[in-house]
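Geometric and topological summary
The residues making up each chain are set out below.
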Amino acid sequence: MALVSLTDVTKSYPPADRSGAPVVAVDAVSLDIEPGDVYGIIGYSGAGKSTLVRLINALEPATSGSITFDGRELTAMPERELRGVRLGIGMIFQQFNLFTSKTVWKNVAYPLTVAGWTKSEIRLRVDEMLEFVGLTDKANSYPEQLSGGQKQRVGIARALATSPRLLLADEATSALDPETTQEVLALLKRVNREFGVTIVVITHEMDVIQSIATKVAVMDGGRVIENGDVFDVFSDPQNASSQRFVSTVVKGVPSPAELAVLRERHEGRIVTLSFRDGDASQASVFVDLATAGIEFELVYGGINDIQGRAFGHLTLAVRGEGAAIDAALAKIGERIDVTEVA
Ligand SMILES: Nc1ncnc2c1ncn2[C@@H]1O[C@H](COP(=O)(O)OP(=O)(O)OP(=O)(O)O)[C@@H](O)[C@H]1O
């Protein structure tokens with residue numbers, strides 16, 4: 001059973017002025033987040049990601065549709081019960097949202113105090129969490145004495161202290177430099193693997209999805225326009241907006257401008273070969289070209305690795321006798337996608 005299930009969920013806000021139309025922030029979204037998923041939700045600013053998060057952690061009611069958490073319908077639940085559900089959901093933020101007047105130790109202890117844990121239980125748990133995030137030596141520091149990465153590690157320790165089943169990370173690495181981002185993402189991977197916590201990662205950065213997510217939903221104008229396994233969406237995005245996001249991290253097919261440069265620099269025909277894990281091997285394709293007496297040169301592209309599975313687009317300049325090239329490309333085209341681009 002899905003841990004979080006959204007069926008046809010819509011959230012609209014009243015118009016800013018009386019003559020305007022309502023703002024549909026989330027539009028007929030259906031999504032299943034399974035236990036153990038690291039589910040990435042990507043979209044540009046205004047796509048509806050933060051609204052979706054507020055619906056999942058029941059901070060706001062949906063206008064229509066159904067949302068279940070662990071099989072329980074949230075939409076009709078009384079506030080007292082919703083509070084219980086929220087305890088099962090941890091949250092981390094772009095700006096960390098730590099209490100600046102409390103030490104690191106007290107920040108992590110806070111949700112446990114609210115949940116009514118005893119002093120000795122709290123002591124054990126806070127020490128355990130600080131050790132997990134590698135900040136035992138910072139227990140008595142204040143947030144302002146920490147780097148951004150350390151602050152987010154405190155945020156993670158605090159969010160996980162009460163052992164939630166779901167962690168919502170809303171642009172949690174957007175304020176961090178690339179190296180610190182990778183450290184925090186590595187920590188989130190451990191949270192997922194070692195504690196079995198399901199994670200929803202909201203971001204506008206595709207490399208965050210590439211590093212950590214197992215599934216991804218692309219949002220645009222309040223709608224989920226594409227979703228599925230990260231490998232499938234990265235290796236074969238179906239939608240123009242998804243293609244734009246993918247192209248920020250995957251060097252794929254050359255753009256028209258890049259193609260013009262390639263054409264100037266290289267003689268012969270230019271073809272793009274698209275490889276996908278499970279298709280023909282690169283070696284067999286190159287053997288086919290060589291046996292047909294075709295000269296070839298790799299001029300653009302690369303191979304990507306998504307969770308141990310490879311895919312990529314290799315653009316070649318090929319030279320040789322026209323009919324021989326046609327025959328070889330036709331033979332290769334039976335096994336992988338071949339696009340003659342110039
Ligand atoms: N409380 C609100 N009242 C009115 N309109 C809202 C409210 N919250 C969000 N919206 C509108 O809903 C749309 C989606 O906003 P949302 O913040 O969910 O997008 P987002 O993808 O999270 O963008 P960002 O990354 O900039 O936060 C926007 O047009 C926004 O102006």
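Here the structure is a predicted model, which means the values were calculated and not measured.

Rules behind the numbers
- Residues numbered from 1 in each chain as written.
- Predicted model: local features only at pLDDT ≥ 70, side-chain atom pairs only at ≥ 80, totals over all residues.
- Domains from an automatic or database assignment.
- Contact = placed C-beta atoms within 7 Å.
- Helix = DSSP H or I, 4+ residues; strand = E, 2+ residues; numbered from the N terminus.
- Nonpolar A, V, L, I, M, F, W, Y, C, P; charged D, E, K, R; others polar.
- UniProt positions renumbered as here; feature names shortened; annotations may be inferred.
- Near = placed C-beta within 6 Å.
- Pairing = 2+ DSSP bridges.
- Axes fitted to C-alpha atoms, helices over the stretch in contact; angles between N-to-C directions.

Quick look at the domain arrangement of the chain
Accessible area lost on assembly of the parts is the figure often given for the size of an interface. For the chain, the domain assignment lists domain 1 (4–88 + 164–247) and domain 2 (256–340). Averaged C-alpha coordinates put domain 1 and domain 2 at centres separated by 37 Å. Listed as interface residues are five residues of domain 1 and, on the opposing side, five residues of domain 2. Broken down by element, the residue count for the side of domain 1 that touches domain 2 peaks at four residues, all from helix 8 (residues 230–235). Across the side of domain 1 that touches domain 2, the residue classes tally to three nonpolar, two polar and no charged.

Regarding the UniProt feature "domain: ABC transporter" (unreviewed entry) in the chain
Sequence positions flagged by UniProt for "domain: ABC transporter" (unreviewed entry) are, in local numbering, residues 4–246. Across residues 4–246, helical content stands at 38% and strand content at 26%; the span's end C-alpha atoms are separated by 26 Å.

Brief notes about the site of the ligand
Near the ligand you find Tyr13, Val23, Ala25, Gly43, Ser45, Gly46, Ala47, Gly48, Lys49, Ser50 and Thr51, and these make up its full shell. Elements supplying a minimum of two residues to the shell around the ligand: strand 2 (23–33) and helix 1 (49–56). For the shell around the ligand, the leading source of residues is helix 1, giving three residues. Here the shell around the ligand is composed, by residue class, of four nonpolar, six polar and one charged.

A short note on the environment of Ser141
By the secondary structure assignment, Ser141 is in the loop between helix 4 (119–132) and helix 5 (148–160). Once the C-alpha coordinates of Ser141 and Thr103 are considered, the two residues, 38 residues apart in sequence, prove to be 5.4 Å apart.

Things to note about the sheet that holds strand 11 (residues 269–276)
The four strands lie next to each other as 12-13-11-14, forming an open sheet whose pairing is antiparallel. Looking along the sheet, the strands with just one partner apiece sit at the ends: strand 12 (295–306) and strand 14 (337–340). Looking at each pair of strands side by side, their axes are set apart by 15° on average, direction ignored. For strand 11 and strand 13 (residues 309–319), the ladder comprises eight bridges, and the chain directions are antiparallel. Along strand 13, the bridge assignment pairs Phe275 with Gly312.

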